[in-house]
Amino acid sequence: MNEKKRVHPYTSAIYLRKFLFFIIVPAVQTLVFRKINNVYSILNLIFCIVVILYAVIRAYFESCSICGDTISITRGLIVRTRIQLPISSIDSITIYKGLFSGKLFGVCRFFADVPSLSRKMNTAVYVSHGRAEEIVGCLAKKDNKLKIYTAKKLKTIFMAVLWSNSLTGFLILMPFVSNINKIFGENSLNDFYEDISITKYLIYIGFPPVAATITNILLICWGFSVVLHLGRYLIFNVEKNESLIYINRGFFSRATFITGEESVNAISIKQNISMMPFNLYSAYIHTISTEKTKGDKSLLISPERRKNTMSIITRIMNYDAFSGKGKVRPPRSARPA
């Protein structure tokens, strides 16, 4: 199969976004002064046009090609870079469909990773959904996917409640909080806080004012963290065909992590303190790609009973996960006195 196809036109918007600040400032200045005949305004207008043309032309010359058994990615305008990814060497593929770009423009971010590839080497391209599935089809011998596991929504909500913390919500809310007054007005932050604040109710039931304020902030940040986790995991399932494992996740935006059985280095089963009283376990998949990514991208099975977790692993990996029942303990002579 030898095809050379350009990336999705939406790529120009990605490049344009990097220069958005440099476009907005000259554009606003031109609108404020309202003098296109002014030399400064004309220079601003020319600069905006040049930046837009650069983004469009660079996206036009970017391509993602399938040449025999190789995925070839070409990018760059002045300095051209061509990356050759042998299909047999691909460790994993990640397909990300954004909330707006995926729904409105039918575009997804396609990223193929090989073991020796550094994360500094960007091989991500923006292609249509059909094009992404076409490339994935080159890896899969047969695309008869079977759904192995689907996380129940109530358990996912329970997981989000257990795993969320106020610090995560605080770190994510901070950029929004710092700019909300600039965007919506000086009193917008106070009005927003008053609408969701429960400080006065905490004081009413006996909390000291300072403790009630701190508790209210922690609860708000925790609630935001819960929503964030639900957005990531509310729709979570694992599919499999003869050669590939598909891990699908996300509610607002969708992400699919695809890897082969031979690329899986290990599967870990974890139980934290909050899961122990309910006898729940979660499973994680470990490949070279998952170890290189930041954040929690390796979840394979959301919290389930131990028996269910082991049974699902058996179906995914085609081996008996119940075979290792014994425990390895050091001999008495090796124990410290």
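Scroll up to find the structure this text is about.
What counts and how
Residue numbering note: each chain is counted from 1, following its sequence as written. It should be noted that, the model being predicted, local features are given only for residues of pLDDT at least 70 and side-chain atom pairs only at 80 or more, the latter also being counted only at that level, while totals for whole chains, interfaces and linings use all residues. Hydrogens and water are ignored here; the side-chain numbers use all heavy atoms of the structure. Only DSSP runs of H or I with at least four residues qualify as helices, and only runs of E with at least two residues qualify as strands; both kinds are numbered from the N terminus onward. Exposure classes here rest on a 1.4 Å probe applied to the protein chains alone. A residue is buried below 20% of its type maximum, exposed above 50%, and partly exposed in between. Only the protein chains shown count as covering a residue, and every accessible area follows the Shrake-Rupley method with a 1.4 Å probe. Pairs were defined over the aromatic rings of Phe, Tyr and Trp, the Trp ring being its six-membered one, requiring ring centres within 6.5 Å. Orientation was assigned from the angle between planes: stacked under 30 degrees, edge-to-face over 60, tilted for the rest. The rule for a charge over a ring is simple: NZ of Lys or CZ of Arg within 6 Å of the ring centre, and within 35 degrees of the ring normal. Strand pairing requires that DSSP identify at least two bridges connecting the strands.

A.B. asks: What's the story with the overall build of the protein chain in this structure? I'm lost.
C.D. replies: The secondary structure content of the protein chain amounts to 12 helices and 14 strands. Burial status across the protein chain gives 39% buried among its 337 residues. In the structure as shown, the protein chain presents an accessible area of about 20,500 Å², 63% of it carried by carbon and sulfur atoms.

A.B. asks: Looking at this structure, I do not really get the packing of aromatic side chains. What am I missing?
C.D. replies: To describe a pair of aromatic rings, one takes the distance between the centres and the angle between the planes. Evaluation of the coordinates by the stated rule reveals 6 aromatic pairs. On the numbers, 5.0 Å between centres and 75° between planes, the contact of Phe 251 with Phe 252 is edge-to-face. Owing to a relative accessible area of 40%, Phe 251 belongs among the partly exposed residues under this scheme. These aromatic residues form a ring-pair network of at least three members: Tyr 10, Phe 105 and Tyr 126. The aromatic ring of Tyr 60 is capped on one face by Arg 6, whose charged end is 4.1 Å from the ring centroid. When the ring centre of Tyr 15 is taken as reference, the NZ or CZ atom of Arg 58 above it lies at 4.3 Å.

A.B. asks: Please explain the pairing of strand 5 (residues 92-97) as it appears in this structure.
C.D. replies: Working note: regular strand, side chains alternate between the two faces of the sheet. Here strand 5 runs beside strand 6 (residues 107-113); their pairing, made up of 5 bridges, is antiparallel. Residue Thr 94 lies in a different strand from strand 6, and its bridge partner there is Phe 111. Here strand 5 runs beside strand 11 (residues 254-260); their pairing, made up of 6 bridges, is antiparallel. Across the sheet, Ile 93 pairs through a bridge with Ile 258, a residue of strand 11.

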